[in-house]
Structures are given as C-alpha cells and as structure tokens.
Amino acid sequence: MDFTANYDMFLTEEHEMLRQTVRQFAEREVQPFIRDWDREGAKDESDMAHVRPVLKRMGELGLLGICIPERYGGAGMDYLSLAIVCEELERIDTFLRVVISVHTGLNSLAIFQWGSDEQKQKYLVPQAQGVKLAGYCLTEPNAGTDVAGMQSTARREGDYYILNGEKTWISLADVADHFLVVAYTDRSKERRGMTAFIVERTFEGVETHAIHGKLGVRAGNTGSVVFNNVRVPVANRLGEEGEGFKIAMSALDNGRYTVAAGATGLIQAALEASIRYAKERETFGQPIAQHQLVKRMVSHMVRKLDTSRLLVYRAGWMKNQGRRNSRETTLAKWHATVSSFEAADDAIQVHGAYGFSDEYPVERMLRNARGAVIYEGTRELQELLQADFAFGFRENNLLRRELPAYDPAEWSE
Amino acid sequence: MHAVVFIKQVPQQNSVKITPDKQIDASGIEPIISLFDEYAIEEALLQVEKNGGKVTVVTIGGEEQIDALRKALAMGADQAILVNDPALRNIGSLGAAKVGAAVVRKLGDVDVVFCGKQSTDDETAVFGPAVARYLDMPVLSYVYKVHELDPGAKRVVVDRAMETTTETVEATLPAVLTTVKDLNQPRYPSLLKIKKAQKADIPRWTAADLGLNTAELAPKVTYLDRVPPPPRPKGSMIDGGSAQEKARKLVDVLVNAQVI
Ligand SMILES: Cc1cc2nc3c(=O)[nH]c(=O)nc-3n(C[C@H](O)[C@H](O)[C@H](O)COP(=O)(O)OP(=O)(O)OC[C@H]3O[C@@H](n4cnc5c(N)ncnc54)[C@H](O)[C@@H]3O)c2cc1C
C-alpha cells in the first residue's frame, strides 16, 4: 500500500518525484550499510568515517538547501519539500534527518530569516550548496528546557564580541563548519539580553568533543562545543543585540517541523517492517497478520502515521503561505515524536524476539525515536505550550522578521 | 550530437493480474522506468556531456507515460516527446518499432539511438533491432561499455556482453545501441531539474504527425494465453544455537536441493 497517496491537497507531482529521488538515495546509499554504521558509532574509539561522505552526497544532491531560493545556492523548493526530504531520510535512519534538522532547519533557515545580505552570501550560500555544514548551539550542561539558565556570555570589545561558554548535546559538533550560537550579552535583561552569533569552527578558541554512549542516533555525531575567548566579528551577529532568544525560538519552529516530519517517516518505516514481517511469520497455523491483537498494533501505527503526516503538512502549508505556525508546528512535533516511539515499540512487539536484535531494523528505530521525544523541546514542554495556546496564555505573535513565504517564481531565479 | 532515447514505463513488480482477454492489469502497482532504459538514458546523457548536443527522450503510449518522460527530463534530457494516439494502443513490438523509426526520421538529425536491451514487462527484445532495421542503421545490442562515440568521425566502438563472452565492435553512426544493466550508474533526478521538468512542455505526436498508416501497424503476434508469474515462494528460517551450526544446516539444505 502507498501510504503517501491522497495528499494531493498539499502535494504536487514535483513532490512525488522528489520523494522517489530521496527514497532511492537513502535505500541505495545508506540502507545497506546502516546497521554497521550504527554498530560502529556505538564504539568509543569510532572514527565515524561514514559521516562526511554521506553528507557530501546529500549536499551534491541538493538536499541540504532544499527549501532555500536558488539565488542563495538552494534547490528553491517549498517547505513541504523539506518535510518530504525528512520523511524519506528518517524512514531509513534518524541520523540523516538530524543533519537536515540542524543544518537546514535550525541554522540555514535562521540565516535566511534573520541574516543580512552579506551574511546570506557568506554563510547561507555555501551551506545551501552543501559545501559547508552547519550546527545549532543552544543547550548547555546546565540549561536545556530552561534556556534562560544558560551561562555562555559574549562581551563587546570594539568590532568583536568575546564569546565564552560551553554548549553540549550539539548535533554535528565535530563535523559542522559553522555554528549558530546563543549567549548572553546582558544577563540582567534575562531573555531579552541574549544575542545570536554565527561562529566558524576555525575561529581561535573553538573546540569540540564527541559524546559517546548514546542510546540512539549512533550513526550520527553529537558532542560539546567549547568557546574559549573566541573573537567573533560584530558582522557575525545575527539580528540585533537582545534578539537571541527570539531567533533561537523561531529557529526551533523550523527545526521542530523537520523533527516532526522525520518522526512521520520513522512511523512509516516501523509500519512497513511490521506489515512485511506479520505476513511472513506464522503461529498457530496462520500468518500473525491474521491475529486480532497484531492487527490492532498495525492499525494504531496507521492512525499515528496519517495523523502525524496531516499535522506536519498543515504546518508546512502554513509556512509556504508565510503564516506564523508555532502552535501547529509544536503540536505536530509533539504528536509525531511520541507516536514514533510508540510505533517503534509496537513494531518490536510484532517482530517478537527478532525485533529485540539488530538483525531487524526496528530496535534501532526505537532507540532513535527516543531522542526526538527529548530534543528540540521535550514532550513536557510541548504539552505546556499546547495548553498555554489553548488557554490563550500564549499566541502566535508576529516577529520583527518572519520566515519568508514560498514564492515559486522568485525562488527559482 | 543528437541522441534519442526510447523509454517505457512498466509495473515495478511482477505481481500483475491477467485479464480474461489476456491483457495485463497492472492497476495499483507503482509504474517505473523499465530497468534497462535507465541505463540507456544515463549513457545518452554521458555521451552528450562529452560531445555537446542534446538528448531527446521518446515514449509511445498513453498520458500515464508522462511521468517517465518527466523523470528523464529531471535527470537531464533536453526534450521529451510523447507519441500518443489511441490508434497506436495495441501494436506489438514490431509496430512500436515502426513508430520509433518514424520518430527518428521526423527528428531528422539523429546521430545515435539508445534503448534498453528489452523491456522488463514484454521482454521481446525486438524493439531496438527492429528500429535499426526500419532505419537501415547498424544495431549494437547488449552494449555494456561505450569506448568511443564520435559523431564527427561517425564512429562508435562498444563492448557487447553476451551470455559468456564479450566482444568489442565498431560501427558507423548513426546507429542503434541497446543497453544492458550496469553499463553505468544512472543518476538521480536533480532537484533543480525536477522543478523545470514539471513545467516542461511535452509535445504529443500522433500517427498522422508521423505520416503513419495505422492499418500497417497491427500486431503480427496474438496472445493465446498468458500465465501470471507465480507468487514469490515463502522463505524458511534456519534455526540453530550458533552461526556455525546455522551455516552447517544451511549447507545441508543446499546440498539436498542440489544447489551445491
Ligand atoms: C541526540 C540529541 C541531539 C541534540 N542536539 C542538539 C543540538 O544540535 N543543539 C542543541 O542546542 N541541543 C541539542 N540537544 C539537546 C536537547 O535540545 C536538550 O536535551 C533538550 O532541550 C532538553 O534539555 P535537557 O536535556 O537539559 O533536559 P532538562 O531541561 O533538564 O529537562 C529534564 C526533564 O525535566 C522536564 N522539565 C524541564 N522543565 C520543565 C517544566 N518547566 N515543566 C515540566 N517539565 C519540565 C523535561 O521535560 C525533562 O523531562 C540534543 C539532544 C539529544 C538527545
């Protein structure tokens, strides 16, 4: 069955051809190796040699700049295309989608939204072309959900800011060339005292370390980024002084969208694996697909898949229109990630003991799905946000600069 | 140079149904470009990248074939033509080859024609050689390596892969080349070209446009029966405590089945 059929209210033939292309890439160039890469990544001494070549291929194919206008080096496709790329990549493995989340969703789109023309030329263009890789540094050892608890500081000195601090749990820490970093320029102003910067790995005083022993996303790189008296040119300040918190949150509106779309792809993978297995495995003289309680697990996966996809595409449609979408995006992120973990869990159950071994992909799906319930806003944070939107304590407020609406003609120039 | 590629869309899997009037019913099965045709597209693109010029992809069939043409455009073909005429619905491989030859004639300045060695649905392997015959061009079938294709010197040198042997052959251009698997690595559609391909204007040609008398295209072969491919046999699990034990049992199974 084609689980992506009948979304014509959102999708076009162009999206379908994109989906086939990304699927072919992931199935041909990643799927045959992913179990080994995942095993390899679990080793402390792993050199993760597979990461750069795969990212290079993603760049060559144009996936890293999928929804960036052609004049900035991107493919000039829309925000729904971004979702499709994420779905198809995470259908094979989460580490591929994480790259899109941080490189494209959190970093590149933030520069597209907030950056000056010079910043777009200098940083967005090579990132969209996939020549340079980008990460997003918000979390610190003592500040995750509570962003205001961060300790990093940037002190102005002439034409530079002196950046100090430690960021941790940063995806692509050891790989990215550019980081979007948020730090306090005036701690007394709390959230309004934070500022965002574009920092290059080659700036003196930038150091990175890998994190080992992760439950999931083992094929991908996660680590700490330490800034030790790093001199960041004023020209690398993204937005105004004091706008850092708003920029970080608006970036999350795009990052969470990619996480939600990826989780949808993972649900589909769990469902497809379960269908395949349940038709082949027999107990009590018939395929387990004929047992009611197995059917229930599969039907629940279908429900989670379609509801997640609809929520994601609604958010993507709103982005295309240029509408504020924090509420819709966080709802999609919350629902899709929680659902993806449940779907992977049921997929293991369908596979019985074989699901408990890495002979089948479903245990990897479970480990990978777990992270998305934590990063880019924990499940609990999303719950609080939804309640606050419902009560009217929070609104989709307008920003000084909005994410540009999709314009097919202008984006293809 | 001008390279023409004939491609065809086929059902992705073989789980087709046979209708009472012995036609193939592939409804619900995803259509894809026939395997060998993808290599033909790629080789045409590679040769044109080397020599300059253009690639034209052509399909004979209904509107549903348009997706295959758009994919070829997204891979880099310069133009696409759909020969779509209700009178050409049921013409068999030889009839299709007559249409193909008429297309090449109408295009005029063609240096080389590529197509897959056979389609993965009908598997007649007639189309390419028959196009060559109708155009009175040399045919180089089962091409698995193109050493040289020089439109200036009107010369082509290729390796042909047969069952057990290969041969290197030379012919004059224009010629028809039919391609086998692994001749090259077909590229993915480019994202920039995907957008352009969706907007590309694809002309529809009819039998009349090609000056064809459709009465002469009636199939010369009639299907008396068609047996659908058997369902894929079930696999069986080999249990065992260790890898060695499982391997030993597997060897026993294979020896008993006289596979080894
Ligand atoms: C694989 C992976 C990749 C990551 N990549 C990045 C990255 O690229 N860039 C980056 O900046 N960060 C990244 N992170 C970090 C991630 O965003 C944080 O882990 C996340 O924001 C949660 O922060 P924390 O871990 O400090 O948990 P905490 O904030 O300490 O939360 C601990 C628990 O308390 C709950 N909690 C906290 N506050 C409240 C509250 N007010 N009400 C109710 N419950 C609450 C949380 O929901 C959670 O269950 C990544 C994390 C992982 C696991």
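In case you missed it, the structure is sitting above this.
Conventions adopted
- Residues numbered from 1 in each chain as written.
- Chains lettered and ligands numbered in written order.
- Predicted model: local features only at pLDDT ≥ 70, side-chain atom pairs only at ≥ 80, totals over all residues.
- Heavy atoms only, no water.
- 1 Å grid on protein atoms, 1.4 Å probe; cavity = no way out; pocket = protein on both sides within 12 Å on 5 of 7 lines; lining within 4 Å.
- Points joined across faces, edges and corners; volume = space filled by probe spheres on them.
- Helix = DSSP H or I, 4+ residues; strand = E, 2+ residues; numbered from the N terminus.
- Nonpolar A, V, L, I, M, F, W, Y, C, P; charged D, E, K, R; others polar.
- Near = heavy atom within 4 Å.
- Polar contact = N/O pair within 3.5 Å; in protein donor to acceptor, adjacent residues only side chain to side chain.
- Areas by Shrake-Rupley, 256 points an atom, 1.4 Å probe, with all protein chains shown as cover.
- Domains from an automatic or database assignment.
- Axes fitted to C-alpha atoms, helices over the stretch in contact; angles between N-to-C directions.
- Parallel < 35°, antiparallel > 145°, perpendicular 65-115°, else oblique.
- Left-handed = near helix turned anticlockwise from the far one by under 90°.
- Contact = heavy atoms within 4.5 Å.
- Buried area = accessible area lost by both parts, 1.4 Å probe.
- Salt bridge = Lys/Arg side-chain N within 4 Å of Asp/Glu carboxyl O.

Caption draft 1: Looking closely at empty space enclosed by the protein. Residues and elements named next belong to chain A. Applying the stated criterion to the full structure yields 1 cavity of 30 Å³ or more. In this structure, the largest cavity spans a volume of roughly 110 Å³. Among the elements that make up the lining of the largest cavity, the one with the highest residue count is helix α7 (residues 244–280) (3 residues). Here the lining of the largest cavity is composed, by residue class, of 1 nonpolar, 5 polar and 5 charged.

Caption draft 2: Fine view of the site of the ligand. Residue and element names in this part refer to chain A. Of all residues adjacent to the ligand, which total 15 residues, the nearest are Thr139, Thr145, Trp169, Thr378 and Glu380. Contacts to the ligand include glutamate 380, whose side-chain N or O atom sits 2.7 Å from an oxygen atom. For the ligand, whose unbound accessible area comes to 970 Å², protein coverage reaches 63%. For the shell around the ligand, the secondary structure elements donating two or more residues are β3 (160–171) and α11 (379–391). Among the residues making up the shell around the ligand, the classes are represented as 8 nonpolar, 5 polar and 2 charged. Per-domain counts for the shell around the ligand show at least three residues from each of domain 2 (135–244) and domain 3 (249–411).

Caption draft 3: Representation of the packing of helix α5 (residues 94–114) of chain A against α7(A) in the model. Residue and element names in this part refer to chain A. Across the interface, α5 lies against α7 with an axial gap of 8 Å and an inter-helix angle of 150°. The pairing of α5 with α7 is recorded here as roughly antiparallel in orientation. Where α5 crosses over α7, the two elements pack in a sense that is right-handed. The residues of α7 that touch α5, namely those facing Thr94, Arg97, Ser101, Gly105, Leu106, Leu109, Ala110, Gln113 and Trp114, are Lys246, Ile247, Ser250, Ala251, Leu252, Asn254, Gly255, Thr258, Val259, Gly262 and Leu266. Each residue belonging to the contact of α5 with α7 can be placed in one class, and the counts come to 9 nonpolar, 9 polar and 2 charged.

Caption draft 4: Looking closely at the interface of chain A and chain B. At the interface, 25 residues of chain A touch 19 residues of chain B. The junction of chain A with chain B conceals about 1,800 Å² of combined surface from both sides, 54% of it contributed by carbon and sulfur atoms. At the surface where chain A touches chain B, the tally comes to 1 salt bridge. Put simply, A:Glu70 and B:Lys195 hold a salt bridge, and the shortest N to O gap is 2.8 Å. Counting every contact that joins chain A to chain B gives 5 residue pairs in polar contact (both at pLDDT 80 or more). Counting only elements with at least two residues in the side of chain A that touches chain B, the list comes to α1 (13–29) and α3 (51–61) of chain A. The greatest single-element share of the side of chain A that touches chain B, amounting to 10 residues, is contributed by α1(A). Across the side of chain A that touches chain B, the residue classes tally to 10 nonpolar, 7 polar and 8 charged.

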